[in-house]
Amino acid sequence: MDSASIIKDRRALHQIPEIGLELPRTAAYVENALRGMGLAPRRIGDGIIVDLGSTGPLFAWRADMDGLPVLEETGAEYASTIPGRMHACGHDAHTAMALGIARHFTSGGAQLPCRLRLIFQPGEEGHRGAAFMIEGGALEGVAAIAGLHVGIFPELKKGVFGTRKGTVMASVTAFEVTFRGKGTHGAMPHLGADALLAACQFGAGVQTVRYAATSPVQPTVISIGSIHAGTASNVISEKAVLAGTMRATTVQDQATLEARMAQFAQGIALANGVEMEIGSVVGAPITANSDERMVDLLAAAVTAAHGPESFMWLPDPTLGGEDFGEYLMRVPGVFFFLGADIAAPHHHPKFNVDEEVLEKTVPVVDALIRQWAALN
Ligand SMILES: [Zn+2]
Ligand SMILES: [Zn+2]
């Protein structure tokens, strides 16, 4: 087993976290490592795809490579060397595991039962990296795909893999609402139009949109993360801007909430005599394991590799988001999770993974593609 190499790669990548779609140092590291195994990686911007094997249907494995604008506080000897940037979501571990898979089928000597494409993706953290890779041809010829995230579900104990059928992660829609009124003296609000009051009503009241428009047994979230308005205690604000995130676990709820939030904002604007604008951007679609056969194959692969106690059916989706859903909308596949004794929540300055568990992914992928190839 190749634990030492995976940990070495993970630590090297951890020290050079890069953000978004531009990951020059990370991409160079991955490219060099793959070349060192005798492979021929291809670039899609700072993303990389590499094909292994020469016959049979094509299975793809995806790893994301980007970090976050977070100042690391782990105190680890391999901590980030770039101030204000950190691998705080475990994508360094994902990349290292994918390199471990490549090594397993090259210098490790394991025979491939089909062709295997490794997709190293930039820009997962809200930069539409999956769409970028797909536009660049990463899915051409791909018959099925799988990918994994460390942690996310705290109920997954160290070294235990888990997933569920149907939605595993929510859609992510960032929205911004602007109210424009008319400024005036705080003592004479009737002479102006109070944009801040409208914003407060929207922020407090928007939860009723979920209550009124979506089923209570289907999880959704609307959170307001920022509100900006006003200059002084005795001046009525002429402009107020709220920004938030909306998460849904069905495509229908995603569309319903987007429409009903806009109606709600319009109603509040009307009641307050102010103007309103609302804009939204879908950061990630729903990540749905809609091909149940692929999910069953994954459960069987984990069991074959590590025994039944290493697999857990997750009862509920998370309202966290992932752009892996972009791949699952186009080809059959499965997205799953590995319990990694996460030290602090994802995106936290003290986030860290237990590196010992990373090697466990390689035999799972080996078993998964063997069982998949036998059926295809
Ligand atoms: Zn993240
Ligand atoms: Zn992540």
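Calculation rules
Residues numbered from 1 in each chain as written. Chains lettered and ligands numbered in written order. Predicted model: local features only at pLDDT ≥ 70, side-chain atom pairs only at ≥ 80, totals over all residues. Helix = DSSP H or I, 4+ residues; strand = E, 2+ residues; numbered from the N terminus. Rg over C-alpha atoms; globule rule 2.2 N^0.38 Å. Buried ≥ 20, exposed ≤ 12 C-beta atoms within 10 Å, placed from the backbone. Domains from an automatic or database assignment. Contact = placed C-beta atoms within 7 Å. Nonpolar A, V, L, I, M, F, W, Y, C, P; charged D, E, K, R; others polar. Pairing = 2+ DSSP bridges. Axes fitted to C-alpha atoms, helices over the stretch in contact; angles between N-to-C directions. Core = buried A, V, L, I, M, F, W, Y, C linked by C-beta atoms within 7 Å. Expected span 1.5 Å × (residues − 1). Arc of directions from axis to C-beta.

1. Let's talk about the overall build of the chain
Within the chain one finds ten helices and 16 strands. A compact globule built from 376 residues would reach a C-alpha radius of gyration of about 21 Å, and the chain, at 23 Å, matches this within 12%. Its C-alpha atoms give the chain principal-axis dimensions of about 80 × 45 × 35 Å. Burial statistics for the chain: of 376 residues in total, 49% are counted as buried.

2. As for the domain arrangement of the chain
Partitioning the chain into structural domains gives domain 1 (3-169 + 286-375) and domain 2 (171-284). Of note, the centres of domain 1 and domain 2, computed from C-alpha atoms alone, are 36 Å apart. In this complex, domain 1 contributes nine residues to the contact, which on the side of domain 2 involves ten residues. Taken together, the residues of the side of domain 1 that touches domain 2 sort by class into three nonpolar, four polar and two charged.

3. Quick look at the sheet that holds strand S2 (residues 47-52)
If you walk across this open sheet you meet the eight strands as S1-S2-S4-S3-S5-S16-S6-S15, and the pairing is mixed. Each edge of the sheet is formed by a strand with only one pairing partner; in this case those strands are strand S1 (42-44) and strand S15 (311-313). Taken pair by pair, the neighbouring strands of this sheet meet at an average axis angle of 25°, ignoring direction. Pairing geometry for strand S6 (residues 161-163) and S15, over three bridges, is parallel. Its bridge partner lying in S15, Phe 161 is registered against Phe 311. Packed onto the sheet, helix H3 (residues 91-105) meets S2, strand S3 (58-64), strand S4 (115-121) and strand S5 (142-150) and runs at close to 145° relative to S3.

4. Description of unusual backbone geometry
Trans peptide bonds make up most of the peptide bonds, and negative phi angles are found at most residues other than glycine. Phi is positive for Ile 152, which is not a glycine, with a value near 70°. Along the chain, the position of Ile 152 falls in the loop between S5 and S6. Of note, His 347 is a non-glycine position whose phi angle comes to about 75°, a positive value.

5. Looking at the sheet that holds strand S12 (residues 239-248)
The strands making up a sheet associate through backbone hydrogen bonding, with each pair oriented either parallel or antiparallel. The strand order across the open sheet formed by four strands is S10-S12-S8-S13, and the pairing between neighbours is antiparallel. Unpaired on one side and paired on the other, strand S10 (220-229) and strand S13 (275-284) mark the two borders of the sheet. Across the sheet, the mean angle from the axis of one strand to that of its neighbour is 15°, orientation sign disregarded. Pairing of S10 with S12, which is carried by nine bridges, proceeds in the antiparallel orientation. Across the sheet, the residue bridging to Ser 226 is Ala 243, located in S12. Of the strands in this sheet, strand S8 (171-180), S10, S12 and S13 touch helix H7 (residues 251-272), which is tilted by about 160° from S13.

6. Let's talk about the nonpolar core
It is characteristic of soluble globular proteins that their nonpolar side chains tend to be buried jointly. Counting residues in each nonpolar core, the largest one holds 113 residues, and the members touching the most others are Leu 118, Ala 198 and Leu 298. When residues of this core are assigned to their parent elements, the largest contribution, eight residues, is made by H3. Residues from two domains meet in this core; each of domain 1 (3-169 + 286-375) and domain 2 (171-284) gives at least three. Setting aside residues no more than four positions away along its own chain, Ala 198 makes contact with Phe 179, Ala 240, Ile 268, Ala 269, Asn 272 and Val 274.

7. Focus: H7
If you check H7, its first and last C-alpha atoms are 32 Å apart, about what 22 residues at 1.5 Å a residue would give, namely 32 Å. Residues of H7 that are buried: Asp 253, Gln 254, Leu 257, Met 261, Phe 264, Ala 265, Ile 268, Ala 269 and Asn 272. What you see down the axis of H7 is that its buried residues fit within an arc of 135°, all on one side. In H7, the exposed residues that point more than 90 degrees away from the buried face are Gln 252, Ala 259, Gln 263, Gln 266 and Leu 270. Lining the buried residues of H7 we find S8, helix H5 (195-205), helix H6 (207-213), S10, S12 and S13. Backbone geometry just after H7 places Gly 273 at a positive phi near 65°.

8. Some points on the pairing of S8
In terms of residue burial, S8 counts as a mostly covered element, since seven of its ten residues are buried. As defined by bridge partners, S8 adjoins S12 across ten bridges and the pair is classed as antiparallel. Following the sheet pairing, Ala 174 is matched in S12 by Thr 245. Pairing geometry for S8 and S13, over nine bridges, is antiparallel. Counterpart to Glu 176 in the pairing with S13 is Gly 279.

9. Here we look at helix H10 (residues 361-375)
Taking 1.5 Å of rise per residue, the 15 residues of H10 would be expected to cover 21 Å, and the 21 Å separating its terminal C-alpha atoms lies within 8% of that figure. Looking at H10, one finds that the buried residues are Thr 361, Val 362, Val 364, Val 365, Asp 366, Leu 368, Ile 369 and Trp 372.

10. Quick look at the environment of Arg 117
Of note, Arg 117 is situated in strand S4. The class of Arg 117 is buried, set by 21 C-beta atoms lying within 10 Å. Residues Arg 117 and Phe 59, 58 residues apart in the sequence, show an inter-C-alpha distance of 6.1 Å. Non-local contacts of Arg 117, meaning those with residues more than four positions away in its chain, are made with Ile 49, Asp 51, Leu 58, Ala 60 and Val 142.

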